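# Structure assessment
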Amino acid sequence: PLSSDEIIAKEKANMDNKRFKHCVRVSETSRKLAKLNNYDEDKAALAGFVHDYAKQVPKEEYRKVIKTQGFDQDLLNWNRSIWHGIVGTYFIKRDLKITDKEILTAVDRHTTGDVKMTTLDKIVFMADFIEPGRDFPGVDEARKITFANLDDGVGFQLAHTLSYLIKDRNKIYPRTFKAYNVWSTKKK
Ligand code: DGI
Ligand code: FE
Ligand code: FE
Ligand code: FE
């Protein structure tokens, strides 16, 4: 495995400084949420740190990897918002030599959520949404809800993101919809 200094250096080289600082804050927030939810803090911090590793990989490189590395070809109809989680796992394995399935799954799910989510998936998903650099309307409520109950945070984020995407007439990735139905809707 790579040392943490090597992971940090590779991550820094793969993105601009603004994105790097976001990753550091997501790492710190993931650690905090791990502590609150009795999860391995170091593992959560690493998953949070690498979650956006591939956010700025060129589009052409993504297309090539989707075509040749066994990904669902429907991904070619999407864009980097969706790719950097699901396909980002390929670059994290390749470049950062991270093979831990739980970490890779948390990265895979960090943008859309999913029907089933592990504690680590929820931690990274929520840390990305509420890290101290976020300032959208509703973020303080999101923080309050998430620190009180991680699952309620997931439901809040999915409803918030979906309503924002729809307001702007964006295409919704099916997994985002499915996750919303599980985590955000009334129980009867
Ligand atoms: O990578 P970040 O900016 O830190 O955050 P993110 O990975 O959670 O989200 C990246 C973008 O993806 C954000 O603008 C919201 C968008 N997104 C999330 N779900 C969907 C989506 N975009 C589309 N078109 N469809 C989705 O289902
Ligand atoms: Fe992301
Ligand atoms: Fe997110
Ligand atoms: Fe992020």
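The rules behind the values
- Residues numbered from 1 in each chain as written.
- Chains lettered and ligands numbered in written order.
- Predicted model: local features only at pLDDT ≥ 70, side-chain atom pairs only at ≥ 80, totals over all residues.
- UniProt positions renumbered as here; feature names shortened; annotations may be inferred.
- Helix = DSSP H or I, 4+ residues; strand = E, 2+ residues; numbered from the N terminus.
- Rg over C-alpha atoms; globule rule 2.2 N^0.38 Å.
- Contact = placed C-beta atoms within 7 Å.
- Axes fitted to C-alpha atoms, helices over the stretch in contact; angles between N-to-C directions.
- Parallel < 35°, antiparallel > 145°, perpendicular 65-115°, else oblique.
- Left-handed = near helix turned anticlockwise from the far one by under 90°.
- Nonpolar A, V, L, I, M, F, W, Y, C, P; charged D, E, K, R; others polar.
- pLDDT = per-residue confidence, 0-100.
- Buried ≥ 20, exposed ≤ 12 C-beta atoms within 10 Å, placed from the backbone.

Looking at an unreviewed UniProt entry, one finds the chain named bis(5'-nucleosyl)-tetraphosphatase (symmetrical), with Lactobacillus acetotolerans as its source organism. Heading Catalytic activity (unreviewed entry) of the UniProt record for the chain holds this comment: "P(1),P(4)-bis(5'-adenosyl) tetraphosphate + H2O = 2 ADP + 2 H(+)".

For the chain, the helix and strand inventory stands at 11 helices and zero strands. Start at the N end of the chain and walk to the C end: the helices and strands fall as α-α-α-α-α-α-α-α-α-α-α. For 188 residues, the compact-globule estimate of 2.2 N^0.38 gives 16 Å, and the C-alpha radius of gyration of the chain, at 16 Å, lies within 12% of that figure. Projected onto the principal axes, the alpha-carbon positions of the chain cover approximately 45 × 35 × 25 Å. Within the chain, counting contacts between residues at least 6 apart in sequence, those at least 24 apart form 60% of the total.

Here we take up the packing of helix α8 (residues 119-130) against helix α10 (residues 150-167). The geometry of α8 relative to α10 is characterised by a closest axis approach of 10 Å and an angle of 55° between their N-to-C directions. The angle between the axes of α8 and α10 places the two elements in the oblique class. In this structure, α8 meets α10 at a crossing whose hand is left-handed. Contact residues: α8 offers K122, F125, M126 and F129, while α10 offers L150, D151, G153, V154 and Q157. Of the residues belonging to the contact of α8 with α10, the class tally is five nonpolar, two polar and two charged.

Bringing the UniProt feature "domain: HD" (unreviewed entry) in the chain into the picture now. What UniProt calls "domain: HD" (unreviewed entry) maps, in this numbering, to residues 19-133. Along residues 19-133 the backbone is 65% helical and 0% strand, and the end-to-end C-alpha distance reaches 11 Å.

Here we take up the confidence of the model for the chain. Caution applies to low-pLDDT regions: their predicted coordinates should not be interpreted in detail. This prediction gives the chain a mean pLDDT of 98; 99% of its residues lie at or above 70. With pTM at 0.98, the complex prediction returns an ipTM value of 0.97.

Along the chain, K144 falls in helix α9 (residues 139-148). With 13 C-beta atoms counted inside 10 Å, the residue K144 sits in the partly exposed group. Sequence separation of K144 and I130 is 14 residues, and the distance between their C-alpha atoms is 9.6 Å.

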